[in-house]
Amino acid sequence: ASVGIVPYQPDIADPEGMMSKADLALYRAKTDGRDRFRFHIRELDEKVRERMILGEGLHSAVENGELELYYQPQVELKSGRLVGLEALIRWNHPVRGLLLPDQFIPIAELNGSILPIGEWVIERTCHQIAAWREQHIMPQLVAANVSACQFKSASNFDRIVSEALAKYSIAPCQLELELTESVLMEATRRHSEQLERLRRIGVRVAIDDFGTGYSSLDYLRSFRVARLKIDRRFIDGVASNSDDATIVRAVIGLARELGIEVVAEGVETAGQ
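I will try to describe carefully the structure that is included in this document.

Compared with the 24 Å implied by 1.5 Å per residue over 17 residues, the 24 Å span of helix α2 (residues 45-61) between its first and last C-alpha is a close match. Taken residue by residue, α2 has D45, V48, L54, G55, L58 and A61 as its buried positions. The secondary structure elements touched by the buried residues of α2 are α1 (15-31), β3 (67-75), β4 (82-93), β5 (97-99), α3 (105-111) and α4 (114-134).

In this structure, I89, V161, L177, V225 and L228 are the most contacted members of the largest nonpolar core, which totals 61 residues. Ranked by the residues each element gives to this core, the list is headed by α4, at 9 residues.

Attention now goes to the pairing of β4. With 9 of 12 residues buried, β4 lies mostly within the body of the structure. Remark: 6 residues form the turn of the hairpin made by β3 and β4, two consecutive strands paired antiparallel; G80 in that turn has positive phi of roughly 75°. As paired strands, β4 and strand β6 (residues 142-145) are joined by 3 bridges and run parallel to one another. Each bridged residue has a counterpart across the sheet, and for L85 the counterpart in β6 is V142. Connecting the antiparallel pair β4 and β5 is a turn made up of 3 residues.

In this model, α1 (17 residues) spans 24 Å end to end at C-alpha, consistent with the 24 Å of a helix rising 1.5 Å per residue. By the burial criterion, the buried members of α1 are K21, A22, L24, A25, Y27, R28 and A29. Looking at the buried positions of α1, the neighbouring elements they touch are β1 (3-5), β2 (37-39), α2 and α3. One or two residues past the end of α1 sits G33, with phi positive at roughly 120°.

Under the definition given, this model contains 3 aromatic pairs. Judged by centre distance (6.1 Å) and plane angle (85°), the rings of F37 and F39 are edge-to-face. F37 gets classed as partly exposed once you look at its relative accessible area, which sits at 49%. Judged by relative accessible area, F39 falls into the partly exposed class, the value being 43%. Between W91 and F104, the ring centres sit 5.6 Å apart and the planes meet at 75°, which makes this aromatic pair edge-to-face. Of this pair, W91 sits in strand β4 while F104 sits in the loop between β5 and α3, and the two are 13 residues apart along the sequence. Overall, F104 belongs to the buried group, its relative accessible area being 0%. The aromatic ring of Y70 is capped on one face by R90, whose charged end is 5.5 Å from the ring centroid.

A few words now on the environment of L254. Residue placement: L254 occurs in helix α11 (residues 242-258). For L254, a relative accessible area of 28% gives the class partly exposed. In this structure the C-alpha to C-alpha distance between L254 and L177, which are 77 residues apart in sequence, comes to 21 Å. When near neighbours in sequence (up to four residues on either side) are disregarded, L254 contacts F210, L217 and L220.

Before going further, it helps to examine the state of the cysteines. Under the counting rule described, the total for this entry stands at 0 disulfides. This cysteine, C126, is not joined by any disulfide, and C173 carries the nearest cysteine sulfur, 12 Å off. The exposure class of C126 is buried, given its relative accessible area of 0%. What makes C173 partly exposed here is its relative accessible area of 49%.

Parameters and conventions
- Note that residues are indexed from 1 along each chain, following the sequence as it is written.
- Given that the model is predicted, a residue must reach a pLDDT of at least 70 before its local features are reported, and side-chain atom pairs must reach 80 or more before they are shown or counted; all residues, however, enter totals for whole chains, interfaces and linings.
- With hydrogens and water set aside, each side-chain value is computed from the structure's full complement of heavy atoms.
- A run of H or I in DSSP becomes a helix once it reaches four residues, and a run of E becomes a strand once it reaches two; helices and strands are each numbered from the N terminus.
- Expected helix span is computed as 1.5 Å times (number of residues minus one).
- Relative accessibility under 20% of the residue-type maximum defines a buried residue, over 50% an exposed one, and the middle range a partly exposed one, all with a 1.4 Å probe and only protein chains included.
- Note on contacts: a residue pair is in contact if any heavy atoms of the two residues lie within 4.5 Å.
- In these notes, a set of buried Ala, Val, Leu, Ile, Met, Phe, Trp, Tyr and Cys residues joined through side-chain atoms within 4.5 Å is what counts as a nonpolar core.
- Pairing between strands is defined by DSSP: at least two bridges between the two strands are required.
- Two rings from Phe, Tyr or Trp (for Trp, the six-membered ring) form a pair when their centres are within 6.5 Å of each other. A pair whose planes differ by under 30 degrees is stacked, one over 60 is edge-to-face, and the rest are tilted.
- Placement of a positive charge over a ring is assigned whenever Lys NZ or Arg CZ falls within 6 Å of the ring centre and within 35 degrees of the normal to the ring plane.
- Cysteine sulfur atoms are paired as a disulfide whenever they come within 2.5 Å of each other.

Right, here's the structure in full:
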């Protein structure tokens with residue numbers, strides 16, 4: 001349960017005004033992770049209202065053509081060869097300009113708009129692969145992020161993926177779906193069948209932000225993941241922090257023993 005609380009104040013005109021402030025506090029409780037309570041804080045009124053306004057805009061963002069995908073290259077370290085791309089979503093907000101995912105994806109997960117947005121990402125990624133094919137540009141694979149809410153809420157997720165692949169005649173091995181550790185841990189208990197259906201389709205599954213979620217590695221044994229993506233937080237300090245370097249070496253060693261590829265997120269310097 002999430003609870004929003006507002007103490008009575010003399011400047012609150014009526015019960016409706018008090019309920020409105022309690023509702024803002026409730027929204028904060030949900031935004032902070034649910035299963036908690038939050039008191040109304042006057043200074044945060046505007047910030048919460050902005051989130052609510054963004055949430056309303058998200059419901060029509062797909063229909064209005066306000067979303068677009070950028071593609072980040074994945075490069076093989078030894079050869080410098082391009083071996084893949086990752087699709088990154090952006091929102092061209094009509095008033096606020098270009099918004100990054102962390103500014104709107106958490107809101108989309110709260111209000112349910114993540115489902116049509118996630119479906120759009122899969123469809124547009126396949127569309128782009130087909131467009132590159134027409135230009136004789138054939139990246140080995142293109143990766144797309146899958147939200148925890150999207151994976152757990154859409155019982156027909158595997159059908160959505162299959163239909164997008166078929167629509168553009170894309171080989172399943174060209175599409176990689178990135179799931180976080182927390183999603184995979186949940187899947188071992190409740191959604192293992194859906195993961196198995198994805199595996200049968202032939203799409204690749206990668207673990208995003210590896211090392212920042214659950215500590216249990218049982219899911220590496222349960223699912224045939226293609227890649228581990230080391231979180232950027234470890235890569236940022238890998239050249240200067242011995243603890244970060246040790247963690248990165250351990251992940252690479254583990255992946256090699258299991259026959260899994262490794263992607264280091266955010267490598268920008270020769271030292272890294």
